[in-house]
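Observations on the model geometry
Here is how the chains run, residue by residue.
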Amino acid sequence: MAYLCYVASTVALWGLAAAAPLQSRAIPSLAQVIDLKSLNVLPSVPTAEEYNASSAPWVPANFTTTGLLEKPFHVYDDEFLTILGTNPTFTILAQTPKDPIFHEAVVWYKAKDEVFFVQNAGNPDAGTGLNKSAAVYKVSLKEADAVKDTRNAVGKVTVTQVLHAPEIPNPNGATQYKSQILFAAEGQGPNIAPGLFIMNPVEPYNVTVLLNNFFGRQFNSLNDITIHPKNLDIYFTDPTYGESNNFRPAPGLINQVYRFNDRTGLVSVAADGFVMPNGIAFSPDGNYAYVTDTGIWRHGLELSNPSSIYRFDVKSDGTFENRKTFAFVDTNIPDGVHTDSKGNVYAGVGDGVHVWNPSGKLLGKIYTGRTAANFQFVGGGRMVICGETQLYYVTGLATQGALVES
C-alpha cells in the first residue's frame, strides 16, 4: 500500500525494567531478549493523543534506539530462537535520501538470484501516483551475499531500475507466476485501470495484461496478491489507497478480496467486510488465509479502525469461511504478510517485521526502527526487507518461506 510512514526518529518513553535473559538457549550475537513482564505496568500511561499508531516506534527508557538497532533480532518468546538459528546476519544494502524506492512487491527471481521491488505510489517524496507511475527496481543477491557480514553495505550493491514496457500503472503487490512476475497495480487516474500485469523478469522486461476489470467495472486500486499452493488460483486485495493518495477516483466497488482462476477466466469475491484489505498470504498447506486490514490509515489516521491480521479457513473448493482475528499489531499497521514452511506468520509493520506462531503468539521482531511495508523470503534462510528509503538483507535464518511456484 501507499500510506503515510514514519522513519527512525524514535522517541524514548517510559522507565521500564531491563530485559531478562532466556535460559533455555544460547542467544545469537545480534539478538536480544525483550522481557514482556517488564512491560505490563508503567508508572504513567500516555494518552492516545500522546502515543498511538502514528507515533514513532516505542523505545522503553532502559533501552536506546541505538541499542535496539545494534541487536535487531528481538526475542519475545523462546520459539523465536528456532527461527533465528545460531548466527543470523542483518545488513543495510542500500539507501536513498528521500525517495521511497524500497516499498513493496518484493519478489525473488530464483533463476538469476535477483530480487525485484517497487517504489511507493502516491508518496510526495517519490513524485509518483497521478503524473508518474511507481518504478520497478531490482538487486542481485550475489552482490548482497558478498557483503552479508557487513552491517552497513550502502554503496556496495547496485540498485537497478527495470525499464519494462508497456508501463505497469503504479505496481504495488507481486508474486512469482509461471517463471515470471505477476504484479497487482493500483491504476493511474480515472482512465488507466488497476489490474494484474505479467512482467518478464529478463530483458526486454515485456509486460502483458492478465486482468483489468470485474465484469466491465474498474477495480479500486489493487494492492497485494498471492497464489494458493493447491488450487493455484490467484487471490488479491482491492482497497482504496489510490483514492486516499489522490491518484485514483472515488471507488466503484466495495473494498474486498478477489479470487481469479486464470485457466477459466472467472473472477469472484473471496471475502469482504474489511475497511482496507491489504496484505494476503496462505499457510504452506493452503488451509488458512491471512488478510491484513489497515483501515487505521484510510483518509488519514482513524484510530478506531483495524490494524489487524485476520485468518480464514480455506475450504477444499478454495472459498473462505470462519473469519477470526489472528493479531492486532502494536506499531502502525500490518502491511505485507507471508508465512514460512512451518506455518509461522510474518508481517511488515511500523518498526520492522513481526513474527507470530500459527496460534497467533508473538514470537519476536526483526527490528528496523522504521516502516517495513513488505519483505520476502529468498531461499537459503535469507530475507529481503523493504524499508521505504532503506533496503535490508537478513541471512542465516533457520527457516524457509512458503513460496509457491505456479
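Here's a quick rundown of the structure. Worth saying up front: this structure is predicted, and the values here are computed from it rather than measured. (Residues numbered from 1 in each chain as written. Predicted model: local features only at pLDDT ≥ 70, side-chain atom pairs only at ≥ 80, totals over all residues. Heavy atoms only, no water.)

Strand order in the open sheet formed by six strands is E2-E4-E27-E26-E25-E24, and the pairing between neighbours is mixed. Every interior strand has two partners, whereas the edge strands, strand E2 (31–33) and strand E24 (337–339), have only one. Neighbour-to-neighbour, the strand axes of this sheet turn through a mean angle of 20 degrees, independent of strand direction. Pairing between E2 and strand E4 (residues 73–75): three bridges, direction parallel. Its bridge partner lying in E4, Val-33 is registered against Val-75. (Pairing = 2+ DSSP bridges. Helix = DSSP H or I, 4+ residues; strand = E, 2+ residues; numbered from the N terminus. Axes fitted to C-alpha atoms, helices over the stretch in contact; angles between N-to-C directions.)

We now examine the environment of Ile-385. Among the structural elements, Ile-385 can be located in strand E29 (residues 383–386). Among the residues examined, Ile-385 registers a relative accessible area of 0% and is labelled buried. On a C-alpha basis, the gap between Ile-385 and Ala-372 in space is 6.6 Å, while along the polypeptide they are 13 residues apart. Setting aside chain neighbours within four positions, we find Ile-385 in contact with Val-353, Ile-366, Thr-368, Ala-372, Asn-374, Phe-375, Gln-390, Leu-391, Tyr-392 and Val-394. (Buried < 20%, exposed > 50% of the residue type's maximum accessible area, 1.4 Å probe, protein only. Contact = heavy atoms within 4.5 Å.)

We now examine the pairing of strand E28 (residues 374–377). Here E28 shows a buried face lined by Asn-374 and Gln-376 and a second buried face lined by Phe-375 and Phe-377. One ladder, built from four bridges, connects E28 with E29; its direction is antiparallel. The residue bridging Asn-374 from the neighbouring strand is Cys-386, located in E29. The antiparallel hairpin formed by E28 and E29 contains five residues in its connecting segment, where Gly-379 sits at a positive phi of about 80 degrees.

Judged by pairing direction, the sheet is antiparallel, and its four strands sit side by side in the order E10-E11-E12-E13 without closing on themselves. If you trace the sheet from one side to the other, it starts and ends with strand E10 (171–177) and strand E13 (207–211), each paired once. In this sheet, adjacent strand axes meet at a mean angle of 30 degrees when their direction is disregarded. Taken together, the five bridges between strand E11 (residues 180–185) and strand E12 (residues 195–199) define a ladder with antiparallel strand orientation. Within E12, the residue paired with Leu-182 across the bridge is Ile-198.

This part takes up the pattern of salt bridges. Summed over the entire model, instances satisfying the criterion amount to 13 salt bridges. Across the pair Arg-263 and Asp-262 runs a salt bridge, and its minimum N-O distance is 3.2 Å. The structure contains a network of salt bridges with shared partners spanning Lys-178, Asp-233, Arg-259, Asp-262 and Arg-263. (Salt bridge = Lys/Arg side-chain N within 4 Å of Asp/Glu carboxyl O.)

Turning our attention to the nonpolar core. Generally speaking, a soluble globular protein has its nonpolar side chains buried in company with each other. Judged by nonpolar contacts, the single largest core of 24 residues is most densely connected at Ile-366, Met-383 and Ile-385. Here the element with the most residues in this core is helix H2 (residues 79–84); it accounts for four residues. The next biggest cluster of nonpolar side chains, apart from the first, holds 21 residues, and it includes Ala-94, Phe-117, Ala-144 and Tyr-393. (Core = buried A, V, L, I, M, F, W, Y, C linked by side-chain atoms within 4.5 Å.)

Moving on, we come to the packing of aromatic side chains. Think of a pair of aromatic rings as described by two things: how far the centres are apart, and how the planes are tilted against each other in angle. One pass over the full model with this rule turns up 18 aromatic pairs. Geometrically, the ring pair formed by Phe-219 and Tyr-258 is edge-to-face, given 5.0 Å between the ring centres and 80 degrees between the ring planes. Taken as a pair, Phe-219 in the loop between E13 and strand E14 (225–227) and Tyr-258 in strand E16 (residues 256–260) lie far apart in primary sequence, 39 residues in all. Look at Phe-282 and Phe-320: their rings are 6.2 Å apart centre to centre, the planes differ by 80 degrees, and that puts the pair in the edge-to-face class. Here the residue Phe-282 occupies a position in strand E18 (residues 277–282), and Phe-320 occupies one in strand E23 (residues 320–328), the gap between them amounting to 38 residues. As far as the burial class goes, Phe-282 and Phe-320 line up, both buried. Here the aromatic residues Tyr-235, Phe-274, Phe-282, Tyr-310, Phe-312 and Phe-320 are joined through ring pairs into a cluster of three or more. For Arg-311, the ring lying beneath its charged end belongs to Tyr-288, and the centroid distance is 4.2 Å. In this structure, Arg-323 packs its charged tip against the face of Phe-274, placed 4.9 Å from the ring centre. (Phe/Tyr/Trp six-rings, centres within 6.5 Å; stacked < 30°, edge-to-face > 60°. Lys NZ or Arg CZ within 6 Å of the ring centre and 35° of its normal.)

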